[in-house]
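Architecture and fold: a report
The chain contents come next:
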Amino acid sequence: MRLFRPKHLPVPRSRGNSIYPCFPVVTGSAVLYCVTCDRALSSRCLINGTHRDHRLKDLKDAVHEQVKKLKDLSERLTSKERKFGDLTPRIEAAERELDEMCNRTQELLQQEYSTLMTLIEQNQQQAFFILNEQKETIKLKLHQLHEDTQNFQSKSADMIENINQLSSKQETENPASLLGEISALETSLYTMNEFYSSLDMKLKVDDTRLKALEKSIKKIVEKNEEILPRPWEFSETITLDDSEIQLGLTFQGHVQISEDKTEMSVSPSSGLSQPAPWNNTQASQSFSKGLHYWEVAVGGCESWAVGVVENSQLKSIQSLVPGQEKNKWILECDGSELSAIHNSDFIRVKESNVEILGIFLDCDKGRLKFYNVTTGSIIHSFIARVKHVRPLFCIRAQKDSIARLKICNLINKSDAQSDRGSTSMMSTEDMELSSESSN
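This text gives an overview of the structure that appears in the document. Worth saying up front: this structure is predicted, and the values here are computed from it rather than measured.

1. Some details on the overall build of the protein
Helices and strands together make up the secondary structure of the protein, namely eight helices and 16 strands. In the protein, which comprises 439 residues, the share counted as buried stands at 30%. Entry remark: accessible area of the protein is about 28700 Å², with carbon and sulfur atoms responsible for 53%.

Have a look at this one:
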């Protein structure tokens, strides 16, 4: 049974060729045991021919074999219990190993972040060194220009005096001897005029090298924005809505919400011949803009569905009706089948062994991504033009154990207030999340 799309129930494999039904066996009326069908038979079952080609066995022999089988299973269980015995020492050893693994990981992360910071600091120092060197180079050119100007101004006064003297010399001295002096003065005048003509251009500071430096650093930032921030930087505090439980209502499957409103559990449904109905609840929080991320531990239940739903009348735990046309974007695990579902459409997803599911919601750009947190890979992405949505959580009872679904804590309680003030206001135009498969 699918969450939003009806799924045909499996049809038992036919064990015989007869079209006649098998009659129910009244207590004390069984005469034989059908090994093929794994059931006791009455004389009426034998008469109508339903088990004609089946393998039959004496009822007492069948009971004897079944009892022997149970004893063998029981002995195997006892042997395993003796093997493990008191688990306290092994649990303590596992906890010590966990501490050591986390400490090693923390040291590795610290080393990697230190390397990253060193690279950034080195790049920053080199960039500012280039900036200052370019500044000094331009300043030197301006000082040289100032010296050249002073030099030309000094020569200009001498040239004016020499030109005035030529006026008197041309009457008294040989004209041929004056031509060389006139030519030299003419060359100097042309040189000085060209200098002053280009002075405006030389006084204009050339920022071409500075622009190139800005462009280079901008590319570094853009490359980092392709992989940063990571989804967990937008972690939200998500809690389950238990409003109807507070009212004392009961639900099929004996649904319970933990005291901190982060865990949803359903008691076992032993004895049910068909899959148990879905039970769901929404989060107390809702989103209409910005970036949001949360994680859900789904390893404690065989069948679960997690995603977002447009604000609707579904505000409490209840059984879902397949085929409801509501805006939902869901990742559903139904036994061994994993599917991405939007309303009545679903896509098979090639992913398995999801223990912790990460959900990233970008309301502004209309993106919804599901991550396998254990492997760090993207399971599925939706283009979801959401308006106002709430996280949705669905599980159903399993046969022999309690089904549990838990929202992971990703925020330091003491820093939550300050963190949310700075992070929740970020828009998708401030930061861009990478969509490569290595996320």
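2. Observations regarding the sheet that holds strand β3 (residues 56-58)
The antiparallel open sheet is built from three strands, whose spatial order is β2-β1-β3. Of all strands in the sheet, those bounded by a partner on one side alone are β2 (39-42) and β3. Sheet twist, expressed as the mean angle between neighbouring strand axes with direction ignored, is 45°. Sheet analysis places strand β1 (residues 30-34) next to β3, joined by three bridges and oriented antiparallel. Bridged to L32 within β3 is D58. The sheet strands contacting helix α2 (residues 59-84) are β1, β2 and β3, and the helix crosses β3 at an angle near 90°.

3. Considering a negative patch on the surface
Taken together, the side chains of D86, E92, E95, E97, D99 and E100 make up a negatively charged region of the molecular surface. Topologically, D86 is positioned in the loop between α2 and α3 (88-172). By relative accessible area, D86 is classed as exposed at 56%.

4. Looking at α2
For α2, built from 26 residues, the straight-helix expectation of 38 Å at 1.5 Å per residue is met to within 8% by its first-to-last C-alpha distance of 38 Å. With a side-chain oxygen positioned 3.0 Å from the backbone nitrogen of K60, the residue opening α2 is D58. One or two residues past the end of α2 sits G85, with phi positive at roughly 55°.

5. Focus on the packing of α3 against helix α4 (residues 175-197)
Packing of α3 against α4 brings their axes to within 10 Å, and their N-to-C directions diverge by 145°. For the element pair α3 and α4, the recorded crossing hand is left-handed. The residues of α4 that touch α3, namely those facing L145, D148, T149, F152, Q153, S156, M159, N162, I163, L166, K169 and Q170, are L178, E181, I182, L185, S188, L189, T191, M192, F195 and Y196. Grouping the amino acids of the contact of α3 with α4 by side-chain chemistry returns 12 nonpolar, seven polar and three charged.

6. A look at the pairing of strand β7 (residues 291-297)
The side chains of a regular strand alternate between both faces of the sheet. Counted residue by residue, β7 has six buried out of seven residues, so it is predominantly covered. Sheet analysis places β7 next to strand β12 (residues 356-362), joined by seven bridges and oriented antiparallel. When the bridges of β12 are listed, V296 appears paired with L357. Bridge count for β7 against strand β16 (residues 403-407) is two bridges, and the pairing is antiparallel. From the neighbouring strand, A297 faces β16, where its bridge partner is K406.

7. Observations concerning the environment of A30
Along the polypeptide, A30 turns up in strand β1. With relative accessibility at 24%, the residue A30 sits in the partly exposed group. A C-alpha to C-alpha distance of 5.9 Å links A30 and A40, two positions 10 residues apart in sequence.

8. Regarding the packing of aromatic side chains
This structure, assessed with the given rule, holds six aromatic pairs. Judged by centre distance (6.1 Å) and plane angle (80°), the rings of F370 and F382 are edge-to-face. Residue F370 is located in strand β13 (residues 367-372), and its partner F382 is located in strand β14 (residues 377-383); the two are separated by 12 residues in the primary sequence. Judged by relative accessible area, F382 falls into the buried class, the value being 10%. Each residue in the set F152, F195 and Y196 is aromatic and connected to the rest through ring pairs, giving one cluster.

9. Regarding the sheet that holds strand β9 (residues 328-334)
Taken in spatial order, the six strands line up as β6-β15-β8-β9-β10-β11 in an open sheet, and their pairing is antiparallel. Every interior strand has two partners, whereas the edge strands, β6 (279-282) and β11 (345-348), have only one. Neighbour-to-neighbour, the strand axes of this sheet turn through a mean angle of 20°, independent of strand direction. As defined by bridge partners, β6 adjoins strand β15 (residues 389-395) across four bridges and the pair is classed as antiparallel. Across the sheet, the residue bridging to N279 is I395, located in β15.

10. With respect to a nonpolar patch on the surface
On the surface, L109, Y113, L116, M117, I120 and W232 cluster together to form a nonpolar patch covering roughly 610 Å² of accessible area. As for its placement among the helices and strands, L109 is situated in helix α3. What makes L109 partly exposed here is its relative accessible area of 45%.

Reading guide: rules and limits
- Residues numbered from 1 in each chain as written.
- Predicted model: local features only at pLDDT ≥ 70, side-chain atom pairs only at ≥ 80, totals over all residues.
- Heavy atoms only, no water.
- Helix = DSSP H or I, 4+ residues; strand = E, 2+ residues; numbered from the N terminus.
- Buried < 20%, exposed > 50% of the residue type's maximum accessible area, 1.4 Å probe, protein only.
- Areas by Shrake-Rupley, 256 points an atom, 1.4 Å probe, with all protein chains shown as cover.
- Pairing = 2+ DSSP bridges.
- Axes fitted to C-alpha atoms, helices over the stretch in contact; angles between N-to-C directions.
- Contact = heavy atoms within 4.5 Å.
- Patch = residues over 30% accessible without salt bridge, like charges linked within 9 Å, V, L, I, M, F, W, Y side chains within 5 Å.
- Salt bridge = Lys/Arg side-chain N within 4 Å of Asp/Glu carboxyl O.
- Lys, Arg positive; Asp, Glu negative; His and termini not counted.
- Charge placed at Lys NZ, Arg CZ, Asp CG, Glu CD.
- Expected span 1.5 Å × (residues − 1).
- Polar contact = N/O pair within 3.5 Å; in protein donor to acceptor, adjacent residues only side chain to side chain.
- Left-handed = near helix turned anticlockwise from the far one by under 90°.
- Nonpolar A, V, L, I, M, F, W, Y, C, P; charged D, E, K, R; others polar.
- Phe/Tyr/Trp six-rings, centres within 6.5 Å; stacked < 30°, edge-to-face > 60°.

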